[in-house]
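Spelled out, the chains give:
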Amino acid sequence: QVQLVESGGGLVQPGGSLRLSCVVSGFTLDYYAIGWFRQAPGKEREGVSYISNNDGRTNYADSVKGRFTISRDNAKNTVYLQMNSLKPEDTAVYYCAAGVGSLSEWGYDYWGQGTQVTVSS
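Everything numeric in this text was worked out from a predicted model, so none of it was measured.

Visitor: What exactly am I supposed to notice about the sheet that holds strand S3 (residues 18–25) here?
Guide: Paired through backbone hydrogen bonds, the strands of a sheet run either parallel or antiparallel to each other. Across the sheet, 4 strands lie side by side as S1-S3-S8-S7; this open sheet has antiparallel pairing. Only two strands of the sheet have a single partner each, and these edge strands are strand S1 (3–7) and strand S7 (68–73). Geometrically, the sheet is characterised by an average inter-axis angle of 15° between neighbouring strands, direction not taken into account. In this sheet, S3 lies alongside S1 in antiparallel orientation, the contact comprising 5 bridges. Bridge pairing in S3 places serine 7 opposite serine 21.

This is the structure we're talking about:
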């Protein structure tokens, strides 16, 4: 059974950092690419970053380039999203998903339940 579980969200001040984790089960990280997405209230879900399953290639949305870093630990079946220099506009529910590897949600078959990130002073 494929499962993805996010953790690490919370309340942080502007300029602060958080690290999100996505623990996967039912498959190994060399089988699916893993993407991070986010959805703010009243907005559509948007792709934030992904890491490919074969060569570990990464990609980022322009809005987070230089601030967010995606990485994976194959031994722990975990993908991380390190978020630095957080801004209030980064506030959203963050989801990880398993699929083909793109910033479009349409390429993903399995989703986690999400973790809330709130950036506020």
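Visitor: Help me understand the pairing of strand S5 (residues 46–51) in this model?
Guide: Looking along a regular strand, one sees the side chains alternate between the two faces of the sheet. Of all 6 residues making up S5, 5 are buried, and the element is well covered by its neighbours. If you look at the hairpin formed by strand S4 (residues 33–39) and S5, you'll find 6 residues sitting between the two strands, and glycine 42 has a positive phi there, around 75°. Where S5 meets strand S6 (residues 58–60), 3 bridges bridge the pair, whose relative direction is antiparallel. Bridge assignment links isoleucine 51 to a residue of S6, and that residue is threonine 58. Linking S5 to S6, which pair antiparallel, is a turn of 6 residues; within it glycine 56 sits at a positive phi near 70°.

Visitor: I would appreciate a short explanation of the side chain of glutamate 6 in the present structure.
Guide: Following the sequence through the fold, glutamate 6 ends up in strand S1. As a buried residue without a salt bridge, glutamate 6 has its nearest oppositely charged side chain in arginine 45, at a separation of 7.9 Å. Polar side-chain contacts of glutamate 6 include one of 2.9 Å to the backbone nitrogen of cysteine 96. Of the polar contacts made by the side chain of glutamate 6, one reaches the backbone nitrogen of glutamine 113; its length is 3.0 Å. For glutamate 6, the contacting residues outside a window of four places in its chain are Ser21, Cys22, Trp36, Tyr94, Tyr95, Cys96, Gly112, Gln113, Gly114 and Thr115.

Cut-offs applied
Residues numbered from 1 in each chain as written. Predicted model: local features only at pLDDT ≥ 70, side-chain atom pairs only at ≥ 80, totals over all residues. Heavy atoms only, no water. Pairing = 2+ DSSP bridges. Helix = DSSP H or I, 4+ residues; strand = E, 2+ residues; numbered from the N terminus. Axes fitted to C-alpha atoms, helices over the stretch in contact; angles between N-to-C directions. Buried < 20%, exposed > 50% of the residue type's maximum accessible area, 1.4 Å probe, protein only. Lys, Arg positive; Asp, Glu negative; His and termini not counted. Salt bridge = Lys/Arg side-chain N within 4 Å of Asp/Glu carboxyl O. Polar contact = N/O pair within 3.5 Å; in protein donor to acceptor, adjacent residues only side chain to side chain. Contact = heavy atoms within 4.5 Å.

Any link to function would need more than the numbers given here.
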